[in-house]
Amino acid sequence: MPPFTVKLCNYCSQQGNLRCTRCKKTCYCSVACQSEDWNAHRHMCKPREHYFEICNTVTWRLQVNNGNVTCSQRVYLRDLRKNDITKGMEIQVSVVELHSPGRFFIHVQSPELVEALRAVTVELQKTNGGSLGTDYKPDTGEVCAVKYSLDQNWYRGVVQSVAADDGNAKVLYIDFGNEEDVTLDRIKPLAASIEPIPPCALECSVAGITPVTDSWMGVCCMAVRQLVAGKSLTLTVVDTQENDRTYAVDILLTPIGKQLSTFLMDQGYAVREDVNKKRAEQDVDSLVSASLENFRRQSGGKNENMEAQPPDPLTQGLGDTFAAMVTHLQSPYDIICQKLDNASVIQELHLKLRDHCSQAPVSKNFRPAPGTVCCSLFYEDNQWYRAKVLAYSSEEKVCVGYIDFGNSEEVELSRLCSISSELLALPMQAIPCALAGVRPTAEVWSEETVLMLRRMVCNRFLRVEILGEREGMALVTMIDEASDPQGNVAEMLVATGYALPSNHQDEDQCSFSPKILFLLPAVAEKLQWTCAELPTEGQMVALVVSVMENPGEFYCYKYNQEDLQVLAELGAELKRHCEADITPFTPSVGEPCCALFSGDGAWYRGMVQGVWAGSKARVYFVDYGNTSDVEPAHLRAITPELLKHHFLAIRCWLAGVEPLSPQWSAESIVRFQALCVGQQLHARVLFITERGYGLQLDSSGQNVATTLLSEQLAKAQAHAKYVPTGPKISQQKPAIQRDTTTSVGPPKPAAANENEPPTEKQVKKNNQSKANKFPLDWRTVELPRNETFQPCIAAVVSPSLFYLFNPMYVERLQSVMMDLAVYCTTKALPSRCKPMPGAACCAQFSGDKNWYRAVFLETTETEASVIYADYGNSEKLPFASILPIPTEFLELPFQIARCALTGKEHFPSVWPVEVLELFSALLSDGVLASVQDFDGNSNLLSVTLQIERGGGHLNTMILEGLQSTQTGSAKTRRQEPGQTKTPIIATAPVTPATAPVTPATAPVTPATAPVTPATAPVTPATAPVTGVCWLSTDSSICSPDYASPCCCRNLVQKVKHIFLLLLLTYSVGGTRP
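Keep in mind it's a predicted model, so treat the numbers as computed, not measured.

1. Re the overall build of the protein
Move 1: Helix and strand counts for the protein come out as 18 helices and 54 strands.
Move 2: Considering the protein as a whole, with its 1073 residues, one finds that 48% of them fall into the buried category.
Move 3: Long-range contacts, defined here as pairs at least 24 residues apart, represent 69% of the contacts in the protein between residues at least 6 apart.
Move 4: Taken as a whole, the protein presents about 51700 Å² of accessible surface, with 53% of it coming from carbon and sulfur.

2. Quick look at the UniProt feature "domain: MYND-type" (unreviewed entry) in the protein
Move 1: Those places that UniProt annotates as "domain: MYND-type" (unreviewed entry) correspond, in this numbering, to residues 9–45.
Move 2: Annotated as residues 9–45, this span is 30% helix and 11% strand, and its ends, taken at the C-alpha atoms, are 15 Å apart.

3. Some details on the packing of aromatic side chains
Move 1: For the structure shown, the criterion picks out 25 aromatic pairs.
Move 2: Taken together, a centroid distance of 5.7 Å and an interplanar angle of 85 degrees make the contact between Tyr155 and Phe176 edge-to-face. Here Phe176 lies in the loop between strand 8 (168–173) and strand 9 (179–183) and Tyr155 lies in strand 7 (residues 154–163), a separation of 21 residues in the sequence.
Move 3: According to the relative accessible area criterion, Tyr155 is buried, its value standing at 2%.

4. Remarks on the sheet that holds strand 49 (residues 882–883)
Across a sheet, strands are paired by hydrogen bonds formed along the backbone, either parallel or antiparallel in direction.
Move 1: With antiparallel pairing, five strands are arranged side by side in an open sheet as 48-47-46-45-49. Looking at strand neighbours, the two that pair on one side only are strand 48 (874–878) and strand 49, the edges of this open sheet.
Move 2: Of the strand pairs in this sheet, strand 46 (residues 851–859) and strand 47 (residues 863–868) are connected by five bridges, and their pairing is antiparallel. Each bridged residue has a counterpart across the sheet, and for Ala854 the counterpart in strand 47 is Tyr868.

5. Here we look at the pairing of strand 43 (residues 793–798)
Move 1: Of all the six residues making up strand 43, five are buried; the element is thus mostly covered by neighbouring parts of the structure.
Move 2: When strand 43 meets strand 44 (residues 801–805), the two strands line up antiparallel, connected through four bridges. Each bridged residue has a counterpart across the sheet, and for Ser798 the counterpart in strand 44 is Leu801.
Move 3: Hairpin connection, strand 43 to strand 44: the antiparallel pair is bridged by two residues.

6. Regarding the pairing of strand 52 (residues 939–944)
Move 1: When you tally the buried positions in strand 52, you get five out of six residues, the bulk of the element.
Move 2: When strand 50 (residues 896–901) meets strand 52, the two strands line up parallel, connected through three bridges. Following the sheet pairing, Leu901 is matched in strand 52 by Leu941.
Move 3: In textbook terms, the turn of a hairpin is the stretch between consecutive antiparallel strands, and for strand 51 (residues 928–934) and strand 52 this stretch comprises four residues, one of which, Gly936, has a positive phi near 90 degrees.

7. Concerning the side chain of Glu142
Move 1: Checked against the element boundaries, Glu142 lands in strand 6 (residues 142–147).
Move 2: Within polar-contact distance, the side chain of Glu142 engages the backbone nitrogen of Asp139 at 2.9 Å.
Move 3: Leaving out residues up to four positions away in the same chain, Glu142 has contacts with Arg74, Val75, Tyr76, Tyr136, Gly157, Val158 and Val159.

8. Description of the nonpolar core
Move 1: Judged by nonpolar contacts, the single largest core of 72 residues is most densely connected at Phe104, Leu264, Tyr803, Val866, Tyr868 and Ile896.
Move 2: For this core, the element with the highest residue contribution is helix 4 (residues 218–228), accounting for seven residues.
Move 3: Every residue in contact with Ile896, bar those within four places of it in the chain, is listed here: Thr780, Ala794, Tyr803, Leu804, Phe805, Asn806, Val855, Ile867, Tyr868, Ala869 and Gly872.
Move 4: Counting 32 residues, the second-largest nonpolar core is a separate cluster that includes Leu80, Leu117, Tyr173 and Leu184.

9. Observations concerning unusual backbone geometry
Leaving glycine aside, a negative phi is the common case for residues, and trans is the common case for peptide bonds.
Move 1: The phi dihedral of Asn382 is positive, around 55 degrees, even though this residue is not glycine.
Move 2: One can find Asn382 in the loop between strand 19 (373–377) and strand 20 (384–392).
Move 3: The phi dihedral of Lys849 is positive, around 60 degrees, even though this residue is not glycine.
Move 4: Counting through the fold element by element, Lys849 comes out in the loop between strand 45 (840–844) and strand 46.

10. Topic: the sheet that holds strand 52
Move 1: Spatially, 43-44-50-52-51 is the arrangement adopted by the five strands of the open sheet, whose pairing is mixed. Edge strands, defined here as strands with exactly one partner in the open sheet, are strand 43 and strand 51. Across this sheet, the average inter-strand angle for adjacent strands is 35 degrees, counted without regard to direction.
Move 2: Bridge count for strand 51 against strand 52 is six bridges, and the pairing is antiparallel. Looking at strand 52, one finds that Ser930 is bridged to Ser942.

11. Describing the pattern of salt bridges
Move 1: Per the counting criterion, the structure on display carries 26 salt bridges.
Move 2: Ionic pairing is found between Lys352 and Glu422, a salt bridge with its closest N-O pair at 3.8 Å. Of this pair, Lys352 sits in helix 7 (residues 343–359) while Glu422 sits in the loop between strand 23 (416–417) and strand 24 (431–435); the two residues are 70 residues apart in sequence, bridging distant segments of the chain.
Move 3: The exposure class of Lys352 is partly exposed, given its relative accessible area of 29%.
Move 4: As a salt-bridge pair, Glu631 and Lys616 come within 3.8 Å of each other at their nearest N and O atoms. Here Glu631 is found in the loop between strand 35 (627–630) and strand 36 (635–636), whereas its partner Lys616 is found in the loop between strand 33 (602–611) and strand 34 (617–621), with 15 residues between them in sequence.
Move 5: In this structure Lys616 comes out as partly exposed when scored by relative accessible area, which is 33%.
Move 6: Linked by salt bridges that have partners in common, Arg74, Asp139 and Glu142 make up one network.

12. Digging into helix 11 (residues 561–580)
Move 1: Its 20 residues place the ends of helix 11 29 Å apart at the C-alpha level, agreeing with the 28 Å of an ideal helix rising 1.5 Å per residue.
Move 2: Asp563, Leu564, Val566, Leu567, Leu570, Leu574, His577 and Cys578 are the residues of helix 11 that are buried. Looking straight down helix 11, one finds its buried side chains confined to an arc of 150 degrees; they lie on one side. Facing away from the buried side of helix 11 by over 90 degrees, the exposed positions are Arg576, Glu579 and Ala580.

13. Side note on the state of the cysteines
Move 1: As enumerated under the stated definition, the model contains zero disulfides in all.
Move 2: In this structure Cys841 is not part of a disulfide, and its nearest cysteine sulfur, from Cys842, lies 6.8 Å away.

14. Here we look at helix 3 (residues 111–128)
Every α-helix winds through 3.6 residues per turn, so residues three or four apart in the chain are directed the same way.
Move 1: The end-to-end C-alpha distance of helix 3, which contains 18 residues, comes to 26 Å, matching closely the 26 Å that a straight helix rising 1.5 Å per residue would cover.
Move 2: All buried positions along helix 3 are accounted for by Leu113, Leu117, Val120, Thr121, Leu124 and Asn128. An end-on view of helix 3 places all buried positions within 100 degrees of arc, on one side of the element. More than 90 degrees from the buried face of helix 3, the exposed residues found are Pro111, Glu112 and Lys126.
Move 3: The inward-facing, buried residues of helix 3 abut strand 5 (103–108), strand 6, strand 7 and strand 10 (187–189).

15. As for the confidence of the model for the protein
As a note on interpretation, predicted positions should not be read in detail where pLDDT is low.
Move 1: For the protein, mean pLDDT is 75; residues scoring 70 or higher make up 74% of the total.
Move 2: Mean pLDDT per element in the protein: strand 53 (residues 981–989) is the minimum at 30, and strand 11 (residues 202–206) is the maximum at 93.
Move 3: Low pLDDT, under 50, characterises residues 719–771; the stretch is placed with 131 contacts to residues that sit more than four places away or in other chains.
Move 4: Note that residues 969–1045 has pLDDT below 50 and, in this model, 162 contacts with residues that lie over four places away or in other chains.

16. What about the environment of Lys644?
Move 1: Structurally, Lys644 can be placed in the loop between strand 36 and strand 37 (650–654).
Move 2: On the accessibility criterion, Lys644 (62% relative accessible area) is exposed.
Move 3: Sequence separation between Lys644 and Gln528 is 116 residues, and the spatial gap between their C-alpha atoms is 8.2 Å.

17. Focus: the environment of His356
Move 1: Note that His356 resides in helix 7.
Move 2: Relative accessible area serves as the criterion here: at 21%, His356 is assigned to the partly exposed category.

18. A few points about the environment of Tyr823
Move 1: Among the structural elements, Tyr823 can be located in helix 15 (residues 810–826).
Move 2: Given the relative accessible area of 7%, Tyr823 is considered buried.
Move 3: Along the backbone, Tyr823 and Pro886 are 63 residues apart, and their C-alpha atoms lie at a distance of 9.4 Å.

The rules we used
Residues numbered from 1 in each chain as written. Predicted model: local features only at pLDDT ≥ 70, side-chain atom pairs only at ≥ 80, totals over all residues. Heavy atoms only, no water. Helix = DSSP H or I, 4+ residues; strand = E, 2+ residues; numbered from the N terminus. Buried < 20%, exposed > 50% of the residue type's maximum accessible area, 1.4 Å probe, protein only. Contact = heavy atoms within 4.5 Å. Areas by Shrake-Rupley, 256 points an atom, 1.4 Å probe, with all protein chains shown as cover. UniProt positions renumbered as here; feature names shortened; annotations may be inferred. Phe/Tyr/Trp six-rings, centres within 6.5 Å; stacked < 30°, edge-to-face > 60°. Pairing = 2+ DSSP bridges. Polar contact = N/O pair within 3.5 Å; in protein donor to acceptor, adjacent residues only side chain to side chain. Core = buried A, V, L, I, M, F, W, Y, C linked by side-chain atoms within 4.5 Å. Axes fitted to C-alpha atoms, helices over the stretch in contact; angles between N-to-C directions. Salt bridge = Lys/Arg side-chain N within 4 Å of Asp/Glu carboxyl O. Expected span 1.5 Å × (residues − 1). Arc of directions from axis to C-beta. Disulfide = S-S within 2.5 Å. pLDDT = per-residue confidence, 0-100.

Okay, structure coming up:
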């Protein structure tokens, strides 16, 4: 007799015989329990549409086999022979397909592999070439013969998914690594005559690292592709995975002398993987099946935390509009965001959680029941957050969901702590949203769409408006206010082809269920406000400190006539308004108001941060930066008129220094106060982080950071990359709220007589950001001086102009790239003006058709050679793929640095092409360099050759060669007194300094495989460029007025070119003639 199985409700743990109609797996006892559990269950609920179809297919096959019907034997990966590659092996490989550092495919460089691949390919053509297509329905995971769309040849492919209704399948070509969607008539079972050799394309990932974000960034994949494409690489197998068919590896990058994993971490693309930590998988179906069994098996007599029920959701109303940041994203229909107005409240909650958990005793009897809330220590940053227990994956591990951020992970029970009722008073801060106005281009949202959406909304401030409700989520529009003009996220997805416009049938039926989330009525007139910002282009601005906590946290306001006049007028208007309006005001978190400050009895603008026991409200004074608890009787509703001027308080921190110990000492704070409080300061923005603006401060002519360092009250700050780690908020602009344990009264406005408003010239400069031109005056990075390093050469024009690849500001580059893509695809207009070499532009890369920042190397009538300014590779493009670049996209410095050799004032304007080729070859041969100076336009370098090339100073060699040619010329001809030298107009072809680097794109096709080379060699331009020659001749010998070129002049010119080339060649070789 089979054992009796009792099904338990996933929410209340009572007997439940009802199943979720969507996933057909999770059981409940009632509709009420299902509704209460939906916020947690929706993360793991997946439809099972193909379940019965799969079952029926399997049954049919069994019937066929039982009926003795002959059918071809299906082949799976397990039926193929395995590779003899083991852990620790070091092999020579080439990368044939790269999706990301977490997934790429390699070919082992061996004659045996080439021969085996050729034999299998030939046999596939023989067995399948002449037969007609059939209605063969392959299994997922089956290895089949697949007809490749580009060359119509047959190759081995493994079926990754099958869409029987649409008649197509997604396949991976196992011998080349590229993927393709094919129709079922192009798939056949693999014939028995095909040799079952292992897959020739080995799937690999870089070992020991994980991306800093949820997925590998596009700029990271581009950089890696540039380093490995088309090269013979030395690969070390670190580990084997998934039945020894995928490999964790590391690759030696010979040109830079680093392992690939080290390079990715150095550039800020990746972090070291914690081998003791295992993240929760996105699909946690496997956890649910054993969850209640694991919980009940060990929970006898233990604290099940049943009293800690989830707090109420954050209440919003139809038509509400608020500033928000996305904290978690699965698809356009599954987005979690937080209100920016609640940032300080969340920060205060985290401080209380940390204090509570540090004082709470560790209990081995704590075993919270599914559905209850506790404190969980997040793996990413080791900070405590509120979390709901979703399911037990084992006896000692549990899957939790962070109720204020929307993400989830698997943790050990030892990382959980009970929570107090006070910490549950704040509503859940995660707002589940679905993007309105879009629908997927297929049945489900593609990975490319999700990736593009993340680029559009993550780490950005968005304006969110609630339009309705769908399946318990807010149906919203999202506006990126940072773009100009402001961009609607849904419209951008549709415009770029990643989504289709919705048919409005579903959205027209959307409404609000009062019991789910939205409890407030629509507001007649929405309150809107803005915050003061500081210029980020290096300008100095006058500031006055209003509230000072320590050098790492203080508040300022701009010291100018306009803002000080506003402060004075606001004081009078607030007093009139608040004395006339005595209507009771109910404070709500995140809502602006008028508040009476107890220190001076005056009214100020404020923002409600929290409502505490005893009806007091915590109010942040938005024009000064201090915080205070205010009685409800001392609060008034604010009017839109009083919010017209931006909030004046600006959150800041002193850049370049950090405390000697974990906290700032009292002596350091007192000294910082003496330097800054009551003084007019001059500041320049160096950083923008979640702590606000990082400033360079000058007080009375002395640098504040330098003063603290010289007096040994602080230490120099280590350079840090600010990367979002979640679930905490990562902000690129300063939050306007602040919570401090001490409250200081708002200072009285002071008269302004020293600072002037922006000049008309400055205003015009800002308004010219989108001029239709190719700017030459782009700002280059100033490299550190007098430090010897091995330069990474990106492109060489001449000794007077070449470019180094110097990656910086990587964390800000992704945002610039996304804005640039939107600009180029929607708003950019072509320019009729001919660009100059060295000018900046937008260029559409031929490898992926995306737009990037670039610099012209050379131009002709129909095309131009460009170098991609943030990646270092170059290629030739038609002018149709080039657009002018607005100056706003030049604010972030390029990742290439403009350089020249020292002594360039003695260099000629035109160089012999042979000398340029030799100079480019020398620079690419591992020279050593140091920056001697910066002339405002270029970094001036001193370059030394390698010892094996004879050593020597390249700058000196070139200058001596030039002097020798001039001396030799003087000896061969005599100049009469009073006779002048006439410059010669010389012609010489200009050769691009570097060969183009193009990432391989799949699918590509070689002669015997479904992969073709992505690019063909680019022929250098041969059009001569005219200029004043670097040598001059006697006018008595060759007159420039002749209509035809003089043979003497050409001969003299060639002799001098050869002479200089010989001198440089012998100098490099270490001997002289």
